[in-house]
Amino acid sequence: MTVFILRRLMQSFVVLFIMSLLVFVGVYAIGDPVEIFISPEADQIERERAIAALGLDKPLWAQYVYFLQGALSGDLGRSFRFSIPALELIMQRLPATLELTVAAMILSLAIGLPAGIYAGFRPESRLSKVIMAGSIFGFSLPSFWVGLMLILVFAVELGWLPSTGRGEVGTILGVTTSFATVSGIQHLILPALNLSFFNMALITRLTRAGVRENMLMDYVKYARAKGLGMRRVMFVHVFKNILIPIVTVVGIQMGQVLAFAVVTEQIFAWPGMGKLIIDSISNLDRPVIVAYLLVVVIMFIVINLVVDVLYSVLDPRVRLQDMKG
Amino acid sequence: MTEPTLSVTDLRTWFDTRVGMLKAVDGVSFAVDKGRILGLVGESGSGKSVTGFSIMGLVDPPGRIAGGSIRFNGRELVGLPDEEMRALRGSRIAMIFQDPMMTLNPVLRVETQMTEAIFAHEKVTEAEAKRRARDALGQVGIPSPEERLKAYPHQFSGGMRQRVAIAIALLNKPDLIIADEPTTALDVTIQGQILYEVQKLCRQTGTALIWITHDLSVVASLADEICVMYAGRMVEQGSVDDVLDRPMHHYTLGLIGSVPSRHRKGQPLVQIPGVMPSLLKLPGGCSFRLRCTRADAACTEEPPETSPAPGRKLRCFHPATAVPA
Amino acid sequence: MATLAKEAADAAKAEGEAPWRRLVNDFCRSPLAVFGLVVFLIVVLVAVFASQISPQNPYDLNQLDIMDSRQPPGERSADGYVFWLGSDGQGRDMLSAIFYGLRISLAVGVSSAVIALALGTTIGLMAAYFGGRVDTLLMRAVDIKLSFPSILIALIIVAVLGSGVWKIVLALVVVQWALYARTVRGSALVERRKEYVEAARCLALSHSRIVFRHILPNCLPPLIVVGTVQVANSIALEATLSFLGIGLPITEPSLGLLIANGFEYMLSGQYWISVFPGVALLITIVSINLVGDQLRDILNPRLQK
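Note that this is a predicted model, so its numbers are computed, not measured. Sequence order as written defines residue numbering, which begins from 1 separately in each chain. Naming scheme: in the order in which they are written, chains are lettered from A and ligands are numbered from 1. With pLDDT at 70 or above as the cut-off, local features in this predicted model cover only qualifying residues; side-chain atom pairs require 80 or more to be listed or tallied, and sums for whole chains, interfaces and linings still use all residues. Neither water nor hydrogens contribute to the side-chain values; these are computed over all heavy atoms in the structure.

K.L.:
Give a detailed account of the overall build of chain B, specifying residues and quantitative values.
P.N.:
Only DSSP runs of H or I reaching four residues or more are called helices, and only runs of E reaching two or more are called strands; each is numbered from the N terminus. Of the regular secondary structure elements, chain B holds eleven helices and eleven strands. Radius of gyration means the value over C-alpha atoms here, while the globule rule gives 2.2 Å times the residue count to the 0.38 power. On C-alpha atoms alone, chain B measures out to a radius of gyration of 20 Å, which is about the 20 Å that the 2.2 N^0.38 rule sets for 325 residues. Along the longest, intermediate and shortest principal axes, the C-alpha atoms of chain B span 65 × 50 × 45 Å. Within chain B, buried positions represent 54% of all 325 residues. Considering only residue pairs separated by 6 or more positions, chain B has 65% of its internal contacts joining residues 24 or more positions apart. Using a 1.4 Å probe, accessible areas were evaluated by the Shrake-Rupley method; residue-level cover was limited to the displayed protein chains. For chain B, the exposed area adds up to about 14,000 Å²; of that, 53% sits on carbon and sulfur atoms. For chain B, the centre of its 37 positive side-chain charges and the centre of its 36 negative side-chain charges are spaced 2 Å apart. The classification of residues rests on relative accessible area computed with a 1.4 Å probe and restricted to protein chains. Under 20% of the type maximum is buried, over 50% is exposed, and intermediate values are partly exposed. Throughout, a residue-residue contact means that at least one pair of heavy atoms, one from each residue, lies within 4.5 Å. For the purpose of charge, His is not counted, nor are the chain termini; Lys and Arg are scored as positive and Asp and Glu as negative. The atoms used to mark charge sites are NZ of Lys, CZ of Arg, CG of Asp and CD of Glu.

What follows is the structure in structure tokens.
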């Protein structure tokens, strides 16, 4: 187990190294680093000082070493707009995004799993057909459009829920979160619902396919032959088997949701790092962009690692040592 | 005279498919007494497995029991409410499936899969259920049962898995066990061990047994009675000695001829010409007539069930009387 | 029992038909898919003839009158013609804007899907045909690409290159190629092992001839399915980027940008500026997906029971 995790960590560092190289090439070689890292409002003296400080007068490989040194010590440059270190800015916004992501994931599981189990168990029933038709919409409707409709219906027409910003936050177990206050939860509902829509459809379809496939397996018939009730067959035997692909997908989707939070945050003016990156792109606040990319890559790597470990816990047939990783 | 443990009369199990009514079982009758073993013999597709599932009440749509009666300990099973049928399954009637690789749930411990079969029928303590599971494993000859309970199915060999399945069948001391080709997937030596042990257990406990197989040699060494099926119909029935020594149906004759034997070394094996017709395109009359050397105009009529000798049943207009060479 | 069901199905399939005819027949079995196809064709026609059928040229600022801004649907303009779907903040007729926007959205979506298809197919075929190191290298690249969400990659590219029509097309191509590459490689690997490829090699045919004339045609069914769905996806992604304000330039608004423009008015109840372009986008995407769904069902050999 430890060996496996260590090996995966090593691989992760390789991926991270490659990503840093790509980001570096993108920013330093393709783009103009002077333009990227030095505020357009800076005067000539500041500009030259900054060029020297960033080592831009040195050869490319030396620049990369500089960049890497900075990155390793957490220094990814300062935001032009906010004049604070880019990394610090990202970290300030991270909790709001994480909260939104987790809420969306929980929501999509809480609705997608039961819907998928039902649709897989009774594929011919009318409700199943409605569920499946709904899931097609969940797949094909662009997320920003769904967000607009949610605002139009629940905020503008019905006036039930707020449509912009994050509500009051409180602390639960030392974590600052929207879940602690009523206003926080109210503000969270629409964005989370919006962000969960695609995954809800995905989980519904995946669960349904898994249930249908597993229901045909011999072990299901055998479990019934033992006199088990349908409930136990479904929720213990079948469920434990479909859980494996679902956990994998949830893990992979975690990253997707994190990325798509960009859209949701923009629509609902949610103060997370997704909104920050869009604002930064519009304002050419490039140090923030670079910091964002590296942080997201690291999060991706961590998520993939967690999924692999979970996978091996759930499926007794998979031994971590045997995995090629 | 006491009633047999199970008596099946004129059972019809049909599948309503898109392309027509598929009569998988069409008029099968037999009975099994306490402590006796019935061999249900036929090629794949002859309806023998469907017969087994019909008794268990595990025929899934589009299949249904279209007619006939299944009496178990004097109680009619056809049309029994689901919950009552469930209560019988695994407790009074147990089933062992063909492929032990597929029937045990890969993600649940053997212990879970054993004790749940007890909890489904009785209120006992966890410790009591575990003790019974351990005893059952010991009974079927699994070494160090205590440890093996904690294992997952993939940690067992095929033969051991089938023993686990047999142990599960024995857990609730059933009155009837239906074994659906349980040794087909196993090595010959292991097959022999399992046959021996099953026979012993049935004699000891007085459990009635239906052994479904395509292998006449297995039936010859195990069963008391034999029922030969062809294309969904019973074609010949009687005691093992009578049927194997003096077969009357030409299909049985062909089956016996196609078993390699030491006494006929060097001689070509007798083959039954042709293949079993699709159940959707059965010829009218005797369904074997297209492959039968003795078929004539009379065979275009459905042969009625006759009783040519005490304890024997037959469906053929031209019974063979010759002993096979 | 599984064998019984299979037997039944085989019997049903036994009547031989020409493959294309069968495909058309299979496709038409779903009325929903036929409906989707008809709707999509209408959308394409509207997009192609946008300048002929639009009541107004939405790019011609001279035709716009600020007095006409934010008229609800059905209202008459100062010049006396009807805004069937209302007008936007600059007095632009929404119907015309949607027709023109549809043209841009479709053009960007289709062209990026086609370029990505060509690129991805070539890469996938090369990986499958040459195998070994080439395969490992290309497929590792595909894996890395696919482990990152498309929106993120598009964001990176736009962040580095800036926005503009061709940059968006480029971003969409980069987002999509890997999916085609993997799809093609999968089926090409299966084909490569078949005897006819061996035979073609024995005839000393050139690599490119074997790959493109012999292997490629056999990989087409999954490609068609993926391609169809990807057109819808790239249209949606372009709309998303434009909605976020980092996509197509404001001078030639695509549907996404039209929706974004109406967003601020929506909160005050002037829904039509956002909603109608949105509906046009949905009709396009959903109709393509309906067609794609049915294509998947009839072209997937695993589902042909």
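What follows continues from the structure just given.
K.L.:
Break down the environment of B:Arg289 for me, with residues and values.
P.N.:
Residue and element names in this part refer to chain B. Within the secondary structure layout, Arg289 lies in the loop between α11 (250-257) and β11 (313-314). In this structure Arg289 comes out as partly exposed when scored by relative accessible area, which is 21%. Sequence separation between Arg289 and Tyr251 is 38 residues; the distance between their C-alpha atoms is 9.6 Å. Apart from the residues within four sequence positions on either side, Arg289 is in contact with Pro283, Gly284, Ala295, Cys299 and Thr300.

K.L.:
Got a sec to walk through the confidence of the model for chain A? Specific residues and values, please.
P.N.:
Keep in mind that low pLDDT regions are not for reading the predicted coordinates in detail. Residue and element names in this part refer to chain A. Per-residue confidence for chain A gives a mean pLDDT of 79, with 89% of residues at or over 70. Confidence scores here are pLDDT values: one per residue, from the predictor, ranging 0 to 100. Considering each helix and strand of chain A separately, the mean pLDDT is smallest for helix α2 (residues 33-37), with a value of 61, and largest for helix α5 (residues 86-121), with 89. Here residues 320-325 is modelled with pLDDT under 50, and outside its nearest four sequence neighbours on either side it reaches 14 contacts, counting other chains as well.

K.L.:
Got a sec to walk through the domain arrangement of chain B? Specific residues and values, please.
P.N.:
All names here are of chain B. An automatic or database domain assignment is the source of the domain bounds shown. Assigned domains within chain B: domain 1 (6-92 + 174-314) and domain 2 (102-173). Between the C-alpha centres of domain 1 and domain 2 there is a distance of 29 Å. Domain 1 puts 17 residues into the contact, and the matching count from domain 2 is 14 residues. Take the accessible area each of two parts loses on contact, using a 1.4 Å probe, and add the two losses: that sum is the buried area. Roughly 1,200 Å² is buried in total at the junction of domain 1 and domain 2, and carbon and sulfur atoms are behind 57% of that figure. Interface area lost by domain 1 to domain 2 is led by Pro174, Ile194 and Leu201, which between them contribute 34%. We count a salt bridge whenever a side-chain nitrogen from Lys or Arg sits within 4 Å of a carboxyl oxygen from Asp or Glu. At the junction of domain 1 with domain 2, the criterion picks out one salt bridge. With its nearest N and O atoms 3.2 Å apart, the salt bridge here joins Glu197 to Arg163. Polar contacts here mean pairs of N or O atoms no more than 3.5 Å apart (in protein, one a potential hydrogen donor and the other a potential acceptor; neighbouring residues in sequence count only if both atoms are side-chain atoms). Joining domain 1 to domain 2, the criterion identifies nine residue pairs in polar contact (both at pLDDT 80 or more). Of all the secondary structure elements, the ones that give two or more residues to the side of domain 1 that touches domain 2 are α2 (82-88) and α8 (188-205). Looking at the side of domain 1 that touches domain 2 element by element, the count peaks at six residues for α8.

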